[in-house]
Every structure is written in structure tokens, then in C-alpha cells.
Amino acid sequence: LLEGGMSAGHNGKNFFLASEDGSFLLKIAGQIQFRHIWAHQDNASDEDDTGFQVRRMKLKFSGHIADPKLTYAINLEGDRDGGEVSVYEVFFGYDLGNGWGLKAGTFKIPFLRQELISSSKQMGVDRSLVNEYFTLNYSDQVQLAYAADKFKLAFSISDGANGGLDDIGADAVDYALALRGELLLAGTWKQFDDVTAWSGDDTGLLLGAAIFFSEGDAANSGTADYTAWTVDASAEVGSLGLLIAYMGADIDPDSGTSVSPWGLLVEAGYQIISDKLEPFIRWEFIDHDSASFEDLEVLTFGLNWYLRGHNAKLTTDVLWVYDGNFGSNPFGASTFTDGLGFSESYSAGSGAVTDDIIVWRTQFQLLF
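Residues numbered from 1 in each chain as written. Predicted model: local features only at pLDDT ≥ 70, side-chain atom pairs only at ≥ 80, totals over all residues. Heavy atoms only, no water.

Draft legend 1. Representation of the overall build of the protein within the structure. When helices and strands are counted, the protein shows two helices and 18 strands. On C-alpha atoms alone, the protein measures out to a radius of gyration of 21 Å, which is about the 21 Å that the 2.2 N^0.38 rule sets for 368 residues. Overall size of the protein, expressed as C-alpha extent along the three principal axes, is 65 × 50 × 45 Å. By the burial criterion, 45% of the 368 residues in the protein qualify as buried. Put simply, of all contacts in the protein between residues at least 6 apart along the chain, 58% involve residues at least 24 apart. A total accessible area of about 16,900 Å² is found for the protein, and carbon and sulfur atoms account for 60% of it. (Helix = DSSP H or I, 4+ residues; strand = E, 2+ residues; numbered from the N terminus. Rg over C-alpha atoms; globule rule 2.2 N^0.38 Å. Buried < 20%, exposed > 50% of the residue type's maximum accessible area, 1.4 Å probe, protein only. Contact = heavy atoms within 4.5 Å. Areas by Shrake-Rupley, 256 points an atom, 1.4 Å probe, with all protein chains shown as cover.)

Okay, structure coming up:
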């Protein structure tokens, strides 16, 4: 690059290196989330736990090679327990023209709206429990996408839920398919990168829906076919940002009883000082469809103080699990995890919450 001419610097979002003619580009970005957590559960062996946690530490590389249509990304993350660094996302893509694009590698399955919003742009300190219960997370996949002024569509063929970066035969499905569509009724696509209503945003309304199916691999024990679906609506009106999402699933094992859990998420924030101070509230519900587990209900309320948008912000919230059982979805992530702030010293037993759990989380985020 030095021999042929180059440019370098910061474009307001990322550090970058680029060839003079723009044919080669490398963007470098990072994310740090540092938290203090106080967790309380009555009648636990250790009722109160408190401490600090580096929740996320990410380094991201992306850009294009030879042609701006040929893009790539390699993203690294340090484990919050020990700091071991690993690749969590890697892909390349090609712009086919006329709104069509092809993408291949390991990245998130196009499914839940809250999961597809970056962890750096969440309204709360972290995503909801109902999102963790139904999330499909990352997977090795090929995705064909179409984007127009008012409509987006993504179709994915993958290795199934949580099927990222694994060998042939290591995943528990024969194949998996996902389809997500979004309809922009008002506003711009960019403003729906998050749920927050910024002062410069137009009145906006976004509707989304997705469906997923995976067929279990008969060579794996505990094989089950899995069908999941979701519908969601996001709105921004003045200083109010709102997200409502419904999600459901059918788990059909080769042996045993089929279950059809479902969940609901409602999240809203209002900027009482434009672009600076935003109180928010979140309510979520999970019906496990199991006689062994009661329904789970969680209330979260908190406050965002934006020093420089999402690039530097302080978030504090209180998560109150006031009813039900954590249960489990073998195709999702754990809802009872220290990643959401729960203490490892607590025991959910068979999933039961014998007493209320309260978690107070305070987090500072820095993006560069």
C-alpha cells in the first residue's frame, strides 16, 4: 500500500487502511463492555453475590478485496471467563447487483430481531432471557439476501442452531433452513440498527417475521426436528423507541414428548434528554409447555446515559425474575447464565425459581 499510495485514519466509526484507488480496504473496530453486578436470591446458599466482569471484549476486521463488491470479516472475542481469544464470526460476501447479495461463513442465522441487533446497540445491559431461550445464534451457513427500499429478505441454509465453526458430522442436524423478511413502512433502515429513538430519526415502523426448520441427524443421540417462528414490530415516534416480538417453536424428538414453547418480549425506551438520557423498561414471558416447569416472567427497568451515542455509554438496569422456572430449550442458549448477570453460586435446581431473583447490573461500553 505504501508503494502504490494509501490512505489511513478514522472515518467516525472505524480505523481503516485503504489503497489509493479504493480497491482494497481494511477496517479495524473493537468493543469493550465492563460491568459491576449485584445478584440476590432469597434462601440461596449465598444469597448475595457482587463483583466486576468484562462481559465482552471484541476485535473486528472487515473490508473488501480488489473489488468493493467482494467483502469479508474476521471477528475475534475474548472469553469472559479466562480471556481466551477465539474466532466467533468469519465470512465473505459478494454483491450480485440489483439488491441481491450472497454471504458464506459463520455468522448469525437470520431469525430473532433482538439477536440480530448488535450487542453494542442493545437498550438494556444485555439481551432478554426470552431471546436466549429461542436464539439460534451463530452457524456455518450460506445466505442469499435481497434488499430494496422498503423490503428485505434473507434465506439461509446452515448447520442448525449453535452450529458455528464445527466439523462435518459434528452438528446435530442433517440440514437447517431459515427465512426472514422485513417490511419498512416508515422511516429508514439505518435507524432500526437499534431500538433507541435518536433526535435526528424520522417516525419509523418496521415489521419482521421469520421461520426456521432443522431436521435432526439420526446419528446423534437425543435427535429432534425443530421448527421455530417469530413475528416482531419496531417503532420510533418522537423520543419513544419500542420493540415487540413473539416467538414460538415445536420440538419434535425421535423419542419422547413433543413440546411447543412460546415467548413474548416488550421493550420500550424514552429519551427524556435527547441523545443523552434514556430510561427504559422490558417485560418478557416464556411458556415452556411442560408440566415440569411453570411459566417464566421477568421485568427489567433501567437507564442509559449516552456520552457519545453507543460509542461511549453508561447503562444501569435491574432485572427481576419474579415468577416461574428457567426451563431449557436444547436449541437455544442458557437463560440462567452469568453472561446475563446470574451468580454461579445460585442453583436453579431443575429449573425452579423458589424465590425471586434480583440482579442489578451497571455497565460502561466503549466502541472504537
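Draft legend 2. Seen up close, the side chain of Thr-230. With respect to the element layout, Thr-230 can be found in strand 12 (residues 224-237). Discounting residues that sit within four places of it in the chain, Thr-230 has contacts with Phe-111, Leu-112, Arg-180, Gly-208, Ala-209, Ala-210, Tyr-246 and Met-247.

Draft legend 3. Representation of the pairing of strand 18 (residues 357-367) in the model. Residues Ile-357, Val-359, Arg-361, Gln-363, Gln-365 and Leu-367 point to one face of strand 18 and are all buried, whereas Ile-358, Trp-360, Thr-362, Phe-364 and Leu-366, pointing to the other face, are not buried. Alignment of strand 3 (residues 25-41) against strand 18, held across 11 bridges, turns out to be antiparallel. Pairing of His-36 across the sheet is with Thr-362, part of strand 18. Pairing of strand 17 (residues 312-323) with strand 18 involves 10 bridges; the strand directions are antiparallel. Bridge pairing in strand 18 links Trp-320 to Ile-358. (Pairing = 2+ DSSP bridges.)

Draft legend 4. Inspection of the nonpolar core at higher detail. Formed by 40 residues in total, the largest nonpolar core has its most connected members in Leu-129, Phe-134, Phe-212, Tyr-226, Val-321 and Phe-342. Sorting elements by how many residues they give to this core places strand 13 (residues 240-253) first, with five residues. (Core = buried A, V, L, I, M, F, W, Y, C linked by side-chain atoms within 4.5 Å.)

Draft legend 5. Quick look at the environment of Ser-274. Mapping Ser-274 onto the fold places it in the loop between strand 14 (262-270) and strand 15 (277-287). For the pair formed by Ser-274 and Tyr-306, sequence separation is 32 residues and the distance between their alpha carbons is 9.6 Å.

Draft legend 6. Just the packing of aromatic side chains, in detail. Tallying each qualifying case throughout the model produces 16 aromatic pairs. Between Trp-100 and Tyr-146, the ring centres sit 4.9 Å apart and the planes meet at 45°, which makes this aromatic pair tilted. Residue Trp-100 is located in strand 7 (residues 100-108), and its partner Tyr-146 is located in strand 8 (residues 138-147); the two are separated by 46 residues in the primary sequence. With a relative accessible area of 26%, Tyr-146 lands in the partly exposed category. Look at Trp-283 and Phe-285: their rings are 6.2 Å apart centre to centre, the planes differ by 20°, and that puts the pair in the stacked class. Accessibility expressed as a relative area gives 27% for Trp-283, which makes it partly exposed. For Phe-285, a relative accessible area of 12% corresponds to the buried category. Here the aromatic cluster, defined as three or more aromatic residues joined through ring pairs, consists of Tyr-246, Trp-262, Trp-283 and Phe-285. (Phe/Tyr/Trp six-rings, centres within 6.5 Å; stacked < 30°, edge-to-face > 60°.)

Draft legend 7. Spatial organisation of the pattern of salt bridges. For the structure on display, the rule yields 12 salt bridges. Of the charged contacts in the structure, one is a salt bridge between Asp-126 and Arg-35, with a shortest N-O distance of 2.6 Å. Of the two residues, Asp-126 sits in the loop between helix 1 (113-116) and helix 2 (129-134) while Arg-35 sits in strand 3, which places them 91 residues apart along the sequence. When sorted by exposure, Asp-126 lands in the same class as Arg-35, which is buried. Here Arg-180 and Glu-182 are joined by a salt bridge, their closest N and O atoms 3.0 Å apart. Overall, Arg-180 belongs to the buried group, its relative accessible area being 4%. Taking the relative accessible area as the measure of exposure, Glu-182 reaches 15% and is therefore buried. (Salt bridge = Lys/Arg side-chain N within 4 Å of Asp/Glu carboxyl O.)

Draft legend 8. Representation of the environment of Lys-27. Assignment of secondary structure puts Lys-27 in strand 3. Exposure remark for Lys-27: the relative accessible area of 27% places this residue in the partly exposed category. Distance from Lys-27 to Gln-41, taken between C-alpha atoms, is 44 Å for residues 14 residues apart in sequence. If we ignore the near neighbours within four places in the chain, the residues touching Lys-27 are Asn-14, Phe-15, Phe-16, Lys-60, Phe-61 and Ser-62.

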